[in-house]
Amino acid sequence: QVQLVESGGGLVQAGGSLRLSCVASGRDFSGSDMGWYRQTPGRAREFVASISGSGSITHYADSAEGRFIITRENAKNTIYLQVNSLDPDDSAIYYCKGTSGTYLNDYWGQGTQVTVSS
């Protein structure tokens, strides 16, 4: 089975930082786009950042631009999201997504909770 496991979330004060990790297993995502999304109760899941298979191309949501950095280590089948200058509005469950296979199927992790106190 394909599995994506996020970690690194926690409780931080406004202005603080975290480094989120997503480890994939059961499939090699080294040639695949991957990304981070987040969701708060009562709101739709929203895009945060993405990274190409080689790591050379990245995209960020407007809310993340300049504060968050997405990276990957293909040898470890892992992607990261460095989140800086956190605001309470950043509080959410952060999910990892990988796209793979002939039909470009999406795979999701179970998420890691980020809570930012004011």
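### Digging into the sheet that holds strand S7 (residues 68–73)
Read across the sheet, 4 strands follow the order S1-S3-S8-S7 without closing on themselves; strand pairing throughout is antiparallel. This sheet does not close on itself; its edge strands, each paired only once, are strand S1 (3–7) and S7. Averaged over all adjacent pairs, the angle separating strand axes in this sheet is 15°, with direction ignored. Relative to strand S8 (residues 78–83), strand S3 (residues 18–25) runs antiparallel, the two being bridged by 6 bridges. Considered in S8, the bridge of Cys22 is made with Ile79.

### Quick look at the pairing of strand S4 (residues 34–39)
S4 sits mainly inside the fold: 5 of its 6 residues count as buried. Summarising the sheet, S4 and strand S5 (residues 46–51) pair through 5 bridges and their orientation is antiparallel. Looking at the pairing, Gly35 lines up with Ser50 of S5. With 6 bridges joining them, S4 and strand S9 (residues 92–100) adopt antiparallel strand pairing. From the neighbouring strand, Gln39 faces S9, where its bridge partner is Ile93.

### What to know about the pattern of salt bridges
Think of it this way: side chains of opposite charge can pair up when their charged atoms draw near. Under the definition given, this model contains 5 salt bridges. Taking the shortest distance from any N to any O, the salt bridge between Arg38 and Asp90 comes out at 2.9 Å. Note that Arg38 is positioned in strand S4 and Asp90 in the loop between S8 and S9, a separation of 52 residues in sequence. Of the two residues, Arg38 and Asp90, both sit in the buried class. Linking Asp90 and Arg67 is a salt bridge whose minimum nitrogen-to-oxygen distance equals 2.7 Å. One end of the pair, Asp90, is in the loop between S8 and S9; the other, Arg67, is in the loop between strand S6 (58–60) and S7, and 23 residues separate them in sequence.

### Quick notes on the side chain of Arg72
Tracing the backbone shows Arg72 in strand S7. At 2.8 Å, the side chain of Arg72 forms a polar contact with the backbone oxygen of Ser32. Within the structure, the side chain of Arg72 is placed 2.7 Å from the backbone oxygen of Ser52, a separation counted as a polar contact. Excluding residues within four positions of it along the chain, Arg72 makes contact with Phe29, Ser30, Ser32, Asp33, Met34, Ile51, Ser52, Gly53, Gly55, Thr78, Ile79 and Tyr80.

### A few points about the packing of aromatic side chains
The final tally for this structure, using the stated rule, is 3 aromatic pairs. Aromatic pair Phe29 and Tyr107: ring centres 6.0 Å apart, planes at 80°, arrangement edge-to-face. Taken together, the residues span a long stretch of sequence, with Phe29 in the loop between S3 and S4 and Tyr107 in strand S10 (residues 105–108) at a distance of 78 residues. Judged by centre distance (5.6 Å) and plane angle (75°), the rings of Tyr37 and Phe47 are edge-to-face. Residue Tyr37 is located in strand S4, and its partner Phe47 is located in strand S5; the two are separated by 10 residues in the primary sequence. Residue classification places Tyr37 among the buried residues on the basis of a relative accessible area of 16%. Accessibility expressed as a relative area gives 30% for Phe47, which makes it partly exposed.

Definitions and cut-offs
Numbering of residues begins from 1 in every chain and follows the order in which that chain's sequence is written. This being a predicted model, a pLDDT of at least 70 is required before a residue's local features are given, and a value of 80 or more before pairs of side-chain atoms are given or counted; all residues contribute to the totals for chains, interfaces and linings. Note: side-chain values were computed over all heavy atoms of the structure, leaving out hydrogens and water. Two strands qualify as a pair provided DSSP detects at least 2 bridges between them. Secondary structure elements follow DSSP: runs of H or I of four or more residues count as helices, runs of E of two or more count as strands, with numbering from the N terminus. Under this scheme, a helix contributes an axis fitted over its contacting stretch, all axes are lines through C-alpha atoms, and angles between N-to-C directions fall in the 0 to 180 degree range. Exposure categories follow from relative accessible area, calculated using a 1.4 Å probe and restricted to protein chains: below 20% of the type maximum is buried, above 50% is exposed, and the middle band is partly exposed. Note on definitions: salt bridges are taken to be side-chain nitrogens of Lys or Arg within 4 Å of carboxyl oxygens of Asp or Glu. For this analysis, a polar contact is any N or O atom pair within 3.5 Å, provided that within protein one partner can donate a hydrogen and the other can accept it, and provided that sequence-adjacent residues contribute only side-chain to side-chain pairs. Residue contacts are defined here by distance: any two heavy atoms, one from each residue, within 4.5 Å place the two residues in contact. Only centres within 6.5 Å qualify two rings of Phe, Tyr or Trp (six-membered ring in Trp) as a pair; their planes then separate them into stacked at under 30 degrees, edge-to-face at over 60, and tilted for everything else.

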